Amino acid sequence: MSVITAPDTEPTPEFNTHCLTIIQQWQRGQLPYADASARLTSLGKEASTSGHLVNQGRVEQLLGYMKSYRGDLNQAIHHYERARALYNLAGNQRRVGTCDLNMGEAYRYKGNFKQAYTLYEKAYAAFRQAGDREGEALAIGNKGQLLLSMGQLDRARADLEEGCRIVLALPAEEFLERSGLLCETFHALTLLHLATGDLAAAWEEAQRACNIASTTREPLETGFANRAIAEVLTAGYAAGDDFSADPDTYYQIASEAFSEIHAEGELARTMFAQAKSLARRGRRMTAARKLQLAMGIFTRLGMVDDAAKAAQAQLEVL
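What counts, and where the lines are drawn
Residues numbered from 1 in each chain as written. Predicted model: local features only at pLDDT ≥ 70, side-chain atom pairs only at ≥ 80, totals over all residues. Heavy atoms only, no water. Phe/Tyr/Trp six-rings, centres within 6.5 Å; stacked < 30°, edge-to-face > 60°. Helix = DSSP H or I, 4+ residues; strand = E, 2+ residues; numbered from the N terminus. Buried < 20%, exposed > 50% of the residue type's maximum accessible area, 1.4 Å probe, protein only. Lys NZ or Arg CZ within 6 Å of the ring centre and 35° of its normal. Polar contact = N/O pair within 3.5 Å; in protein donor to acceptor, adjacent residues only side chain to side chain. Expected span 1.5 Å × (residues − 1). Contact = heavy atoms within 4.5 Å. Axes fitted to C-alpha atoms, helices over the stretch in contact; angles between N-to-C directions. Parallel < 35°, antiparallel > 145°, perpendicular 65-115°, else oblique. Left-handed = near helix turned anticlockwise from the far one by under 90°. Nonpolar A, V, L, I, M, F, W, Y, C, P; charged D, E, K, R; others polar.

### As for the packing of aromatic side chains
Stage number 1. Enumeration according to the criterion identifies 6 aromatic pairs in this entry.
Stage number 2. Where tryptophan 203 meets phenylalanine 243, the ring centres are 5.0 Å apart and the plane angle is 80°; that geometry is what we call edge-to-face. Here tryptophan 203, found in helix H10 (residues 199-216), pairs with phenylalanine 243, found in the loop between helix H11 (219-234) and helix H12 (247-260); they are 40 residues apart in sequence, far enough to count as distant.
Stage number 3. A residue is classified by how much of its surface remains accessible, and tryptophan 203, at 9% relative accessible area, is buried.
Stage number 4. An aromatic cluster is built from Trp203, Tyr237, Phe243 and Tyr250, whose rings are joined through pairwise contacts.
Stage number 5. One cation-aromatic arrangement involves lysine 276 over phenylalanine 272; the distance from NZ or CZ to the ring centre is 4.6 Å.

Laid out in structure tokens, this is it:
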């Protein structure tokens, strides 16, 4: 039976460290997903027994984080909603903002841009009121990626660059998600510059991601960095002797990196990007097969907008 005690507003340090160690081991490919999930669930039961609301919320939030990267968006939202309710009961509005941010990301992947935008704005306001610069960077950076998906390039660039500026001003050792967020943002800026036809600027952003990934050597950063390189090479940029001229080399590295942490959504997006690249290079049948695979994953994961784009691309290829 759970014991209800007066709410603490933050996770206990030892408990939080234990949770983050599990997440870091999973992100680095050192701990299988099933084991990481089981360990977090066990910690959640421990927190429930002790009646520590924020510890319970922390577990729910991190389970949602793992589900999100695996592309299980409905389950991710379910965990985030439970975490949000627990944080709200404990009176921690900054962590409520984090859950709004995370749910916004899940809704963005689902193609519900209106709901995602609303949640990003709520999260940003909560972080700003709390003086949480890390949270502000995450919220504005994710909103920039949303605006990029919507084709609002000027607004997207302003938000993405502001997010980078905030992140780079924060101490690296205090920001767990710093390198991953930067690589994801540099990847987004790569795509933005490609959309405007500025290949040199796109390559510069891809290189910024690559520099981080070569230092951290973690799967998430490796995936975004190599996909960014592949996208610029596909556009016809002459990278020089230090890089292969074959984009498939980098799409393959990205796919393997995302597979390592079971980031199915990003794996499918890599397949989609590679398929478009193959079609551009005249390999239409191979592109069609990749699109079919990507579309199947998008559909299974509930990534509606991505699935629709893959279906349209498949019609154009065939």
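### Quick look at unusual backbone geometry
When glycine is set aside, most residues are seen to have a negative phi, and most peptide bonds are trans.
Stage number 1. The phi dihedral of arginine 217 falls on the positive side, at around 55°, and the residue is not glycine.
Stage number 2. By secondary structure assignment, the location of arginine 217 is in the loop between H10 and H11.
Stage number 3. On the basis of relative accessibility, which here comes to 69%, the residue arginine 217 falls in the exposed class.
Stage number 4. Within the chain, histidine 262 stands out as a residue other than glycine whose phi angle is a positive 55°.
Stage number 5. Inspection of the secondary structure puts histidine 262 in the loop between H12 and helix H13 (264-280).
Stage number 6. You can call histidine 262 partly exposed: its relative accessible area is 35%.

### A few points about the side chain of glutamate 218
Stage number 1. Along the chain, the position of glutamate 218 falls in the loop between H10 and H11.
Stage number 2. A polar contact of 3.0 Å, which involves the side chain of glutamate 218, links it to the side chain of arginine 28.

### A look at H10
Stage number 1. In this model H10 runs 26 Å from its N-terminal to its C-terminal C-alpha over 18 residues, within 8% of the 26 Å that 1.5 Å per residue would give.
Stage number 2. Turning to H10, its buried residues are Ala201, Ala202, Trp203, Glu205, Ala206, Gln207, Ala209, Ile212 and Ala213.
Stage number 3. The secondary structure elements touched by the buried residues of H10 are helix H9 (178-196) and H11.

### Some thoughts on the packing of helix H3 (residues 53-70) against helix H5 (residues 93-110)
Stage number 1. Running from amino to carboxyl end, H3 crosses H5 at an angle of 20°, the nearest separation of the two axes being 11 Å. With respect to H5, the axis of H3 lies roughly parallel. Judged by the twist between their axes, the crossing of H3 over H5 is left-handed. Here Val54, Arg58, Gln61 and Ser68 of H3 lie close against H5, whose contacting residues are Arg95, Thr98, Asn102 and Tyr109.
Stage number 2. Each residue belonging to the contact of H3 with H5 can be placed in one class, and the counts come to 2 nonpolar, 4 polar and 2 charged.

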